[in-house]
Amino acid sequence: MNIVYSEGYDLHLGDHVFPSVKYRLTKEKLIKEGWARAQDFVEPEPAADNDVALVHEQDYIYKLKHGTLSYTEILRLEVPYSRELIKAVWLCAGGSILAGRLALEAGTSVNLAGGFHHAFADHGEGFCVLHDVAIAIRRLQKDGAIRSAMILDCDVHQGNGTAGIFGADPDVFTFSIHQERNYPYPKPPSSLDINLEDGTGDDEYLAALEHGLVESFGRFRPDLVFYLAGADPYREDQLGGLKLSLQGLEHRDRLVFERARKYNAPVAVTLAGGYARHVADTVLIHATTARIAHEFASP
Ligand SMILES: [Zn+2]
């Protein structure tokens with residue numbers, strides 16, 4: 001089992017709606033349930049600045065590294081700026097690069113962090129500083145490890161940064177299924193967007209997702225899939241307005257892995273959002289995704 005994890009992932013946000021302690025708790029849950037062993041975890045290196053610059057503008061990188069973001073830019077991030085935050089997001093991006101490589105070898109892999117899909121080339125927002133998945137795709141393309149990639153984004157919030165970064169790039173297909181009446185506004189178009197009504201439950205969600213996956217793989221065959229397995233479509237989520245159950249979310253994960261396997265596409269998972277009233281629910285949802293990813297790894 002390939003699970004990328006580092007103690008350094010903790011964003012040190014303190015008492016914030018984003019429970020960055022979830023990364024460590026998810027690792028502990030996987031071990032406690034016997035779903036993973038200590039040797040299944042791989043430690044990433046931070047992304048190199050050159051890799052980050054494959055996606056982000058030099059001016060933005062400079063401001064992040066030197067602590068010179070403006071007050072407005074920090075407000076837009078919605079997380080407090082700190083040296084620890086910057087170290088953590090560089091490490092998360094390195095983790096997504098590594099997860100991409102491991103998925104190409106093993107069929108599936110999980111980065112127990114990342115999925116920061118609201119980050120744009122020139123700014124961060126909505127708890128997202130660097131777009132780790134975009135950085136991973138650009139680095140793997142540069143290495144010649146992949147030509148094309150697909151992003152399957154099942155976070156409750158639309159992947160606006162993803163859409164902004166990849167735009168009309170013919171080599172990267174972007175799919176987002178999300179609650180329509182929720183952040184972000186506006187929503188720049190993905191290759192395929194599915195806008196869901198408030199209160200959408202399991203059956204309707206899973207039917208819409210299946211439809212979206214069939215269409216996505218009908219239109220595009222990627223060398224690698226990045227799956228953003230946000231835990232926030234959960235009905236107890238504080239920042240989401242959909243009504244998926246724990247079983248519904250597990251079914252969602254299986255649909256994604258089954259469809260990718262059908263087209264022989266390796267899948268690298270990143271966690272993305274998750275703000276359940278009880279952090280234990282968020283942790284269970286993420287750990288379950290990792291467990292199912294392992295089921296779908298190459299024998
Ligand atoms: Zn979200």
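Here, the structure is the one placed above.
All values derive from a computational prediction rather than experimental measurement.

About the thresholds
- Residues numbered from 1 in each chain as written.
- Predicted model: local features only at pLDDT ≥ 70, side-chain atom pairs only at ≥ 80, totals over all residues.
- Heavy atoms only, no water.
- 1 Å grid on protein atoms, 1.4 Å probe; cavity = no way out; pocket = protein on both sides within 12 Å on 5 of 7 lines; lining within 4 Å.
- Points joined across faces, edges and corners; volume = space filled by probe spheres on them.
- Nonpolar A, V, L, I, M, F, W, Y, C, P; charged D, E, K, R; others polar.
- Donors = N, O, S within 2.8 Å, 3.2 Å for Na, K, Ca; no water.
- Helix = DSSP H or I, 4+ residues; strand = E, 2+ residues; numbered from the N terminus.
- Buried < 20%, exposed > 50% of the residue type's maximum accessible area, 1.4 Å probe, protein only.
- Disulfide = S-S within 2.5 Å.
- Salt bridge = Lys/Arg side-chain N within 4 Å of Asp/Glu carboxyl O.
- Axes fitted to C-alpha atoms, helices over the stretch in contact; angles between N-to-C directions.
- Parallel < 35°, antiparallel > 145°, perpendicular 65-115°, else oblique.
- Left-handed = near helix turned anticlockwise from the far one by under 90°.
- Contact = heavy atoms within 4.5 Å.
- Polar contact = N/O pair within 3.5 Å; in protein donor to acceptor, adjacent residues only side chain to side chain.

Caption draft 1: View of empty space enclosed by the protein. Under the counting rule described, the total for this entry stands at two cavities of 30 Å³ or more. In terms of lining, the largest cavity is formed by 15 residues, of which the most central are His 117, Cys 128, Ala 272, Gly 273 and Tyr 275. Tallied by class, residues from the lining of the largest cavity come to six nonpolar, seven polar and two charged. In this structure, the second largest cavity occupies an estimated 30 Å³ of space. Together, Tyr 60, Leu 69, Glu 73, Leu 77, His 123 and Gly 124 line the second largest cavity. Its residues placed into classes, the lining of the second largest cavity shows three nonpolar, two polar and one charged.

Caption draft 2: Representation of the coordination of the zinc ion in the model. Around the zinc ion, the protein supplies Asp 155 (OD), Asp 155 (OD), His 157 (ND1) and Asp 232 (OD) as donor atoms, at distances of 1.9 to 2.8 Å. Taken in chain order, the donor set of the zinc ion reads D-x1-H-x74-D. Linking His 157 in the loop between β4 (149-153) and α7 (160-166) with Asp 232 in the loop between β7 (224-228) and α9 (246-262), this pair joins segments that are 75 residues apart in sequence. Residue class for His 157 comes out buried when judged on its relative accessible area of 6%.

Caption draft 3: Examining the state of the cysteines more closely. Applying the stated criterion across every chain yields a total of zero disulfides. The structure places no disulfide on Cys 128, whose sulfur is separated from the nearest cysteine sulfur, that of Cys 92, by 10 Å. Left without a disulfide partner, Cys 154 is nearest to the cysteine sulfur of Cys 128, which lies 16 Å away. Taking relative accessible area as the criterion, Cys 154 reaches 1% and is therefore assigned buried.

Caption draft 4: Quick look at the layout of surface pockets. Taken as a whole, the largest pocket spans an internal volume of roughly 160 Å³. Looking at the lining of the largest pocket, the elements with two or more residues in it are α5 (83-106) and α9. Among the elements that take part in the lining of the largest pocket, α5 stands out by supplying four residues, more than any other. When grouped by side-chain class, the residues that make up the lining of the largest pocket number nine nonpolar, four polar and two charged.

Caption draft 5: Quick peek at the pattern of salt bridges. Going through the model one piece at a time under the given rule, you end up with 22 salt bridges. Of the charged contacts, one joins Arg 291 and Glu 250 as a salt bridge, the two residues approaching to 3.4 Å between their closest N and O atoms. Of the two residues, Arg 291 sits in helix α10 (residues 279-295) while Glu 250 sits in helix α9, which places them 41 residues apart along the sequence. Taking the relative accessible area as the measure of exposure, Glu 250 reaches 24% and is therefore partly exposed. Through salt bridges with shared partners, one network takes in Asp 51, Arg 101, Arg 139 and Asp 143.

Caption draft 6: Here's a closer look at the packing of α9 against α10. It is the contact of α9 with α10, at a shortest axis distance of 10 Å, that shows an interaxial angle of 30°. Of the possible angle classes, the one that applies to α9 and α10 is roughly parallel. The crossing of α9 and α10 is right-handed. For the pair α9 and α10, contact is made by Leu 246, Leu 249, Glu 250, Arg 252, Asp 253, Arg 254, Phe 257 and Arg 261 and by Leu 284, Ile 285, Thr 288, Thr 289, Arg 291, Ile 292, Ala 293 and Glu 295, respectively.

Caption draft 7: Structural detail: the environment of Arg 83. Position of Arg 83 among the secondary structure elements: in helix α5. According to the relative accessible area criterion, Arg 83 is exposed, its value standing at 51%. Remark: the alpha-carbon pair of Arg 83 and Glu 204, spanning 121 residues in sequence, is separated by 43 Å. Not counting the four nearest positions on each side in its chain, Arg 83 is found in contact with Lys 65 and His 66. At a separation of 2.9 Å, a polar atom in the side chain of Arg 83 contacts the main-chain carbonyl oxygen of Lys 65.

Caption draft 8: Structural context of the environment of Leu 271. For Leu 271, the location among the structural elements is in the loop between β8 (267-270) and α10. For Leu 271, a relative accessible area of 0% translates into the label buried. The spacing of Leu 271 and Tyr 227 is 44 residues in sequence and 8.4 Å in space, taken between C-alpha atoms. Setting aside chain neighbours within four positions, we find Leu 271 in contact with Tyr 23, Asn 111, Leu 112, Ala 113, Gly 114, Ala 229, Gly 230, Ala 231 and His 286.

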